Structures are given as structure tokens and as C-alpha cells.
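A closer look at the structure
Each chain, written out:
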Amino acid sequence: MFSMPASGIENQISRIEENMKHKGRFGDYGGFYVPEVLIPVLEELEEAFYRFYQDEQFVADLARLYKDYAGRPSPLYYAGRFSEHVGCKVYLKREDLLHGGAHKVNNTLGQGLLAKYMGKTKIIAETGAGQHGLATAMIGALFGMDTKIFMGVTDIERQSVNVHKMKLCGAEVIGVEGGSGTLKDAINDALRYWTANVTDTFYLFGSACGPHPYPTIVKHFQTPIGKEARRQSLDIIGRLPDMVVACVGGGSNAIGIFSGFVDDKDVRIVGVEAGGRSVSSGLHAATLVAGKVGILHGAKAYLLQDEEGQVHDTESVSAGLDYPSVGPEHCLLKDTGRAEYVAAEDEEVLDAFSLLCRCEGILPALESSHALAWLLRQKGKLDPEQVVIVNLSGRGDKDVGIVEEHRPMNVDDK
Amino acid sequence: MKTYKQVFAELAQAGRSALIPFFVVGDPDFDTSLEVVKTAIDAGADILELGIAFSDPIADGPTIQKADIRAARAGMTMARALDFIRQVKAHKDVPIGLLMYYNLIYQYGIERFFADFHEAGVNSVLVADLSIDDVGEIEEPAKAAGLDTVFMVTPVTAPDRMKLIASKTTGFIYTVSVLGVTGSRDNLSDTVQDLVSELKKLTDVPVCVGFGISKPEHAAAIASAGADGIIIGSKVVGLIEANLQNKEKMLSEIATFLTEVKTAISAG
């Protein structure tokens, strides 16, 4: 249905540019499996994205916001003491230092600016951990837009600090009761609301999944992570890393950093999903590790589901990864073998969280701690000279309460 | 097996629109659901729209979502849905349109799905989250199985796209009366009448209207605007929800309501 300009998006992946001209497909994945009523608004969004994303003024406006509002570029930091625990050289891409405390602001600034260029005045968004909700509430305030955030009731309870911050920024937070009260249910209700309000509302989607053109748009606005990391690696280390590791829920921080290295064939790319209690227990959110291809939220992708196609509720200590599907481009990267996808379980994630706090004084988000946890498990398998970049996609202040619940600490603990 | 073509031809002669109630198969349980559907047929349903419960029904409002949950909890499966449809057809040969979410079809196996459900007595399958752009994924197997096609048109569908949709439709066009998900509304906007007349100019394919119709007078107004059928879902599903503890009342309220609508759309 959509006409694509021949230039394609600036993403360094020629194979995927090719696929995008076919209805937002990444191989057979992606597409736009949505009710008819949403087709015109997705067409409008796609048209606007391709009209503005290379527009000189738009690019200049976004670059200024990235620098002055979000705090880009984010540092590439050599985590020396943490490296000793892993047994190789670990660098952290410090997206946790961005305004709002996560990579999410890259995307909300980009889409928010797009909404502004389109003349939209109302935005809605879904959120799991609340990081995307917060990043949307921030730019809603920045651009003076009426902002509604859909959030599962379970997530509202476990991420109450972020809920409070969203409200402080003037957003309305709408609790979603359905299902398990997590990200999946928030997306369901955001889509339902959008269906009834397509004429004046911009849906600011938070991850590199959902219907076309979102996987493409979100990736585009997250590519600065990968571009910067690649340049910083060459500048600081003098060479490319041997491995890049990122956590994967929907997959936006991961696709952002992977995009910088996917053409560098010698760089190993690893995505770490939420293993929850354990993958074998069924209580997890490791979609690429344990899922089967299906259709949810507008896209064909790996999906955690039963034999008849009913979507499973997921479980993870980290609300931001608690999602039963995954971005379509990750599905293709898995199938082609260009990236490998693994899982880290809650307990080892909590260990990794504590370790980074204690040896670097950095509180990582529980989402990002999945990447750290998997890396710690590689101890002994890695050459000491190996260079690994971990995308530290967010900071863990929001998770302190959850960690306290799982690992209670007495005040006089040494 | 009775076809849409036969039903719409008979109705055209009688000068009235089709009464098309929607239910979720197995809501609130298999046996009660079967009684509900039989009651609707006896009250004058000309065509049935049936849904199979899905975990994430993004095109549905709270009433149908809750029906999906009731049916799923009561143990609805694809195999039991087939059995249900066979039992409905044994009661009376009324055309049945399924309203589905794509993942259930995809996991069942597209070809096998259309073949099995047509064999059980289904006339068409409308996939809520599969637009005309991707119809290629199901068109051949649906045709091969002998099914008619039903697609949606909404108040924001562009005229060229309406023509494309009409050209692909062999059953009827499911016209969405309002922007949004399924659910009863107190008032319906006038745009639906305009939409119906616009469609009637574009195509000879029957045009049925659904979403939000909750009163006999809504149905009458839409019928007099030229609609060939009136689809009523959330209102009747809500009567199931309201009477979960009293089956007799549930059945009699559904029968009474559908009879009122039938009278209202026959008068014009």
C-alpha cells in the first residue's frame, strides 16, 4: 500500500532497505496487520516520516534537541573494575546518562518532533517500565502537547516513581486492567484508543515493533546509539569491538546499537532476552529464544503463545522486557544468524545489578542488567584482550524498590 | 448450504434488511452459548456473525473482550468451535460469517482453517487484523474452500480504497458505523448514512452496518438509509453479561430485543 522513496532510510543495512520497500517487511516479518480503520493513519505517518526524516530543518532541529535536551552524545565508558569480573574489556554505552534516564528519549524526541511537524497536538503512548511513558511525558511538556500514557496496572504498581514523574510532566496516566496488566495490555488499549481518535491523535510507539512504519521509524531514531558507539570505539580503543551486547524486549535499544555494527561482519552481536524465573518454567519473556512465529500488535514476529495461537502472559523482574513479541528486524537477524539471541534469568540479573553498583557505582536498569548478566556468565570463555560494548540502555533508580523486595538489605549492612 | 446471495435476494424481495446478531462462540459456556444462538435464530436472525475468542482482541471494546475471556475460561478451542458451528447448522441453515483475529488462523494453518470451517458450515471469514493489502495471504485458500469474502469499510476509508475493497468482496461489505472499537453507543452519527449511500453508489455488493448499534431506532435509521443488513454485537453480548445468573431471562431478553429490531427494520 505504501510508496517508498528510492533513497531508503539511512540505516547501513542494504538488505533491509530492500525489504522496507515491500510494506515494511524484514524478510517475511513485520507488515501492518491492523484493523482497516488504522490504515489511513499509518499511511499518513509513513508519508510524513519519509517527507521529514531527511529534511534539513527537521534534521537540524532534532540534532539540537539530541545535544541540548537529551545530552547526546552519550559517553562510551571503560568499566575497568567490572571488566575484572568478566575477564575481558567491557565498555558501557552510557544511554543511562541521557535525560529521563534511558535511550527512550531518542525516539520520543524524534517522533514528537515529527508529530509537531505534522501539526498534531495530542499524543498517546504505551509504557511497560515507565521509561517510554516518562520520555513521552517529557516531550509532551516540551512541545506543549496533550499527553495520555497507557500503562498496565501491575506495572503502575511496580514502577510508581515513573508514574509520579509522568504526572509531574503533565501527562495523564491511564491504568489498563486487562490481561496481566503489563506492556502487552497497555498496547492493546492504546491501539483501541487510537482507533477511536485517529483523526487528531499521534501514537508515539515506544519500541521497534508494532505495525509498519513503527519498526522503521523507531529504529531510525535509535541509530545514534550505534553510530556514536562505533565512532567512539574507533576513537577511544582504536578498533572496533569484538562483541556488542544489548537487552531485548521489543528491541529498540538493541536495534539502535546493533545498527552501527551489523555491516561489520567480525563484530559478534548478542541480544539478551528476559529469562524470567527460567525459560524451561515457561515463566519468562524470551520471545526469540522460545517463541514461534505469529501475529500480534500489527506485526508478524516471534511470539510466545499456546498451540492454538492464544498469546501467553509473560513474566520478568523487569517491566520493560515483559512483552510476548519482539521487533521484526530482530526476527530476521536471528534467522539469518547475523545476531544471536539468548536469555538471562531474574536471579542472575539481580546479581549483575548489584555487582555493577558495587564495583562501578553505576545503578543499571534491570532491563540493561540482562545484558550484563549474560556477559558475566561468559566469564572464562572470553579472551582478556576481547573488547565488548554493552548498551547500558537505562539507569536503575526506578528499580531500587524491586531490587529491595527481592534482595532485602538491612540499613547496617556492610 | 444457504448462501449470502440467496438470503439477500429473498430480503430484497421482502423489502427489508438482514438482521445479523454477533456472538462469541462459547460465551459464557458451550451449552448456554448454543441456546443463545438458537434463540437468536428463532427470533429472526437472517445471518449470524460469530467470533472465536482471542487473547488480544484489539478491535473490540470491553463488552466483547469480556465475552472472549468468559469463552476462553469455559474451555473454548478451535475443535469445539467447529463442533459448535455444526450444531448451529443442524438447528437451522442460516449463513454464518466468522469474525477472527489472524493469529488463530495462522496457527491453525491457513488452508486447513478455511477448509475445516467451511465444511462445518461457515460462509465467510472476516479477519479483523488483516487488511485488503495483505488479502493475498488468505484469498486463494478461502476461495478454494468455497468461502465468500467479507471486508470492512470505515468512515475514514478513502473512495478509491472503497472501490478496491468492493471489488474483492463477494459476500457483503462490513461497514463500520463509527470510529473506534466495538461497543454500544447511545447515539450514532449521521456520517454512517452518508457512508452507506456512498457505498451503494460504488457497488452492488450488499452493505451491512455494524459497531455501536444498540437500539431499534438506530437499526431503523440505518436500514432506511439503504443498508442491506444490520449487525448487532455488543448490545446482545451485553445481555448475556447482564444475565449470567439467570439463563431464562438472558434468553428472553435477547429474543425480545432482536424481535424489536427485526420489526423496526422491516417497517421501512
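Residues numbered from 1 in each chain as written. Chains lettered and ligands numbered in written order. Predicted model: local features only at pLDDT ≥ 70, side-chain atom pairs only at ≥ 80, totals over all residues. Heavy atoms only, no water.

**Observations concerning the interface of chain A and chain B**
Filter applied, for reference: Contacts were defined at the residue level, with two residues in contact if any of their heavy atoms lie within 4.5 Å. Note: buried area is the sum, over both parts, of the accessible area (probe 1.4 Å) each one loses when the two are combined. Definition used for salt bridges: Asp or Glu carboxyl oxygen within 4 Å of a side-chain nitrogen of Lys or Arg. Under the rule applied, a polar contact is a pair of N or O atoms within 3.5 Å (in protein, one hydrogen donor and one hydrogen acceptor; residues adjacent in sequence only if both atoms are side-chain atoms). Numbering goes from the N terminus for both helices and strands, where a helix is a DSSP run of H or I of at least four residues and a strand is a run of E of at least two. Only Asp, Glu, Lys and Arg are considered charged, only Ala, Val, Leu, Ile, Met, Phe, Trp, Tyr, Cys and Pro nonpolar, and every remaining residue, Gly among them, polar.
Between chain A and chain B, the residue contacts involve 34 residues of the former and 34 residues of the latter. Ranking the residues of chain A by area buried against chain B places Glu36, Arg192 and Glu308 of chain A at the top, with a combined share of 25%. If you look at where chain A meets chain B, you find five salt bridges. Applying the counting rule to chain A against chain B returns 21 residue pairs in polar contact (both at pLDDT 80 or more). Counting only elements with at least two residues in the side of chain A that touches chain B, the list comes to strand 2 (29-33), helix 2 (39-52), helix 9 (183-196), strand 12 (292-296) and strand 13 (298-303) of chain A. The dominant element in the side of chain A that touches chain B, judged by the number of residues it contributes, is helix 9 of chain A, at six residues. Grouping the amino acids of the side of chain A that touches chain B by side-chain chemistry returns 16 nonpolar, eight polar and ten charged.

**What about the packing of aromatic side chains?**
Residues and elements named next belong to chain A. Test applied: In this analysis, rings of Phe, Tyr and Trp, with Trp reduced to its six-membered ring, are considered paired at centre separations within 6.5 Å, and the interplanar angle assigns stacked below 30 degrees, edge-to-face beyond 60, and tilted for intermediate values. Throughout, exposure labels follow a simple rule: accessible area from a 1.4 Å probe, protein chains only, divided by the maximum for the residue type, with under 20% read as buried, over 50% as exposed, and the rest as partly exposed. By definition here, charges over rings are those cases where NZ of Lys or CZ of Arg is within 6 Å of the ring centre and within 35 degrees of the ring normal.
Enumeration according to the criterion identifies 27 aromatic pairs over all chains in this entry. Summarising the aromatic geometry, the rings of Phe49 and Tyr53 are spaced 4.9 Å apart at their centres and angled 15° between planes, so their arrangement reads as stacked. The exposure class assigned to Phe49 is buried, which follows from its relative accessible area of 0%. A residue is classified by how much of its surface remains accessible, and Tyr53, at 4% relative accessible area, is buried. Ring centres of Tyr203 and Phe205 lie 5.4 Å apart, and the angle between their planes is 70°; this geometry places the pair in the edge-to-face category. Overall, Tyr203 belongs to the buried group, its relative accessible area being 1%. Taken together, the ring pairs connect Phe49, Tyr50, Phe52, Tyr53, Phe58, Tyr117 and Phe221 into an aromatic cluster. Positioned above the aromatic ring of Tyr77, the side-chain terminus of Arg94 is 5.9 Å from the ring centre.

**Some remarks on the sheet that holds strand 5 (residues 151-153) of chain B**
All names here are of chain B. Our working definition: Pairing between strands is defined by DSSP: at least two bridges between the two strands are required. To obtain each axis, a line is fitted to C-alpha atoms, and for helices this fit is confined to the stretch in contact; angles are then taken between N-to-C directions over 0 to 180 degrees.
Pairing is parallel across the open sheet formed by eight strands, whose spatial order is 4-3-2-1-8-7-6-5. Because the sheet does not close on itself, it has two edges, and the strands there are strand 4 (124-127) and strand 5. Strand-to-strand twist across the sheet, computed as the mean angle between neighbouring axes with direction ignored, equals 25°. Pairing of strand 2 (residues 48-51) with strand 3 (residues 96-100), which is carried by four bridges, proceeds in the parallel orientation. Bridge pairing in strand 3 places Glu49 opposite Gly97. On the sheet, helix 2 (residues 30-42) packs against strand 1 (18-24) and strand 2 and is oriented at approximately 175° with respect to strand 1. Running at roughly 155° to strand 5, helix 8 (residues 159-168) makes contact with strand 5 and strand 6 (173-176) of the sheet.

**What about the pairing of strand 3 of chain B?**
Residues and elements named next belong to chain B. A large share of strand 3 lies buried, amounting to five of its five residues. Every second residue of strand 3 is oriented toward a common face, with Ile96, Leu98 and Met100 on one face and Gly97 and Leu99 on the other, all of them buried. Across four bridges, the pairing between strand 3 and strand 4 is parallel. Residue pairing for strand 4: Leu98 is matched across the bridge by Val125.

**Side note on helix 5 (residues 104-117) of chain A**
Residue and element names in this part refer to chain A. Short version of the rule: A helix is expected to span 1.5 Å multiplied by its residue count minus one.
Its 14 residues place the ends of helix 5 20 Å apart at the C-alpha level, agreeing with the 20 Å of an ideal helix rising 1.5 Å per residue. Among the 14 residues that make up helix 5, twelve are buried, leaving the element largely enclosed by the rest of the structure. Where helix 5 is concerned, the buried positions are Lys104, Val105, Asn106, Asn107, Thr108, Leu109, Gly110, Gln111, Gly112, Leu113, Leu114 and Ala115. One or two steps after helix 5, the chain reaches Gly119, where phi turns positive at roughly 80°.

**Quick look at the domain arrangement of chain A**
Residue and element names in this part refer to chain A. How we decide: Domains are outlined according to an automatic or database domain assignment.
Along its sequence, chain A is carved into domain 1 (26-69 + 104-215) and domain 2 (71-101 + 223-406). Between the C-alpha centres of domain 1 and domain 2 there is a distance of 22 Å. Across the contact, 39 residues belong to domain 1 and 44 residues belong to domain 2. Here domain 1 meets domain 2 over a buried area of about 3300 Å², counting both sides, of which 59% is carbon and sulfur. Of all residues in domain 1, the largest losses of buried area upon contact with domain 2 belong to Tyr29, Arg158 and Lys184, amounting jointly to 22% of the total for that side. Between domain 1 and domain 2 we count two salt bridges in total. Ionic pairing is found between Asp322 and Arg158, a salt bridge with its closest N-O pair at 2.8 Å. Going through the elements one at a time, strand 2, helix 3 (56-70), helix 5, helix 6 (131-143), helix 7 (153-158), helix 8 (160-168) and helix 9 are the ones with two or more residues in the side of domain 1 that touches domain 2.

**Considerations on the pairing of strand 5 (residues 122-127) of chain A**
All names here are of chain A. Here is the rule: The handedness rule is simple: strands pointing away from the viewer, and a clockwise path from the first strand over the helix to the second, make the crossover right-handed.
For strand 5, a buried count of five out of six residues is recorded, marking the element as mostly surrounded by other parts of the structure. In this sheet, strand 6 (residues 146-152) lies alongside strand 5 in parallel orientation, the contact comprising six bridges. Residue pairing in the sheet places Ile123 in a bridge with Thr147 of strand 6. The β-α-β motif built from strand 5, the intervening helix 6 and the parallel element strand 6 has right-handed crossover chirality. Judged from the three bridges that link them, strand 5 and strand 8 (residues 201-203) form a sheet pairing that is parallel. Bridging from a neighbouring strand, Ile123 pairs with Phe202 of strand 8.

**Details of the sheet that holds strand 5 of chain A**
Residues and elements named next belong to chain A. Read from one edge of the open sheet, four strands run 7-6-5-8, paired in parallel fashion. Whereas interior strands pair on both sides, the edge strands pair on one side only; in this sheet they are strand 7 (172-176) and strand 8. Pairs of neighbouring strands in the sheet enclose a mean axial angle of 25°, with direction left out of account. Those strands touched by helix 9 are strand 5, strand 6, strand 7 and strand 8, and its axis lies near 160° from that of strand 5.

**A look at the nonpolar core**
Basically, it comes down to this: We define a nonpolar core as any set of buried Ala, Val, Leu, Ile, Met, Phe, Trp, Tyr and Cys residues linked to one another through side-chain atoms lying within 4.5 Å.
In terms of nonpolar packing, the biggest core is built from 169 residues, with Leu50, Leu98, Phe113, Phe117, Val125 and Tyr174 of chain B touching the most fellow members. Counting residues per element, this core draws most heavily on helix 2 of chain A, which supplies eight residues. Each of domain 1 (26-69 + 104-215) and domain 2 (71-101 + 223-406) of chain A accounts for three or more of the residues forming this core. Once residues within four sequence positions are removed from consideration, Leu98 of chain B is found in contact with Glu49, Leu50, Ile52, Ile85, Phe113, Phe117, Val122, Ser124, Val125 and Leu126 of chain B. Judged by nonpolar contacts, the second largest core, of 32 residues, contains Val90, Val270, Val317 and Val390 of chain A.

**Quick word on unusual backbone geometry**
Of note, the bond from His212 of chain A into Pro213 of chain A is cis; its omega dihedral lies within 30 degrees of zero at 10°. If you trace the backbone, Pro213 of chain A turns up in the loop between strand 8 and helix 10 (214-237). Located in the positive-phi region is Phe211 of chain B, a residue other than glycine, with phi close to 80°. Residue position: Phe211 of chain B is located in the loop between strand 7 (207-210) and helix 10 (216-224). The exposure class of Phe211 of chain B is buried, given its relative accessible area of 9%.

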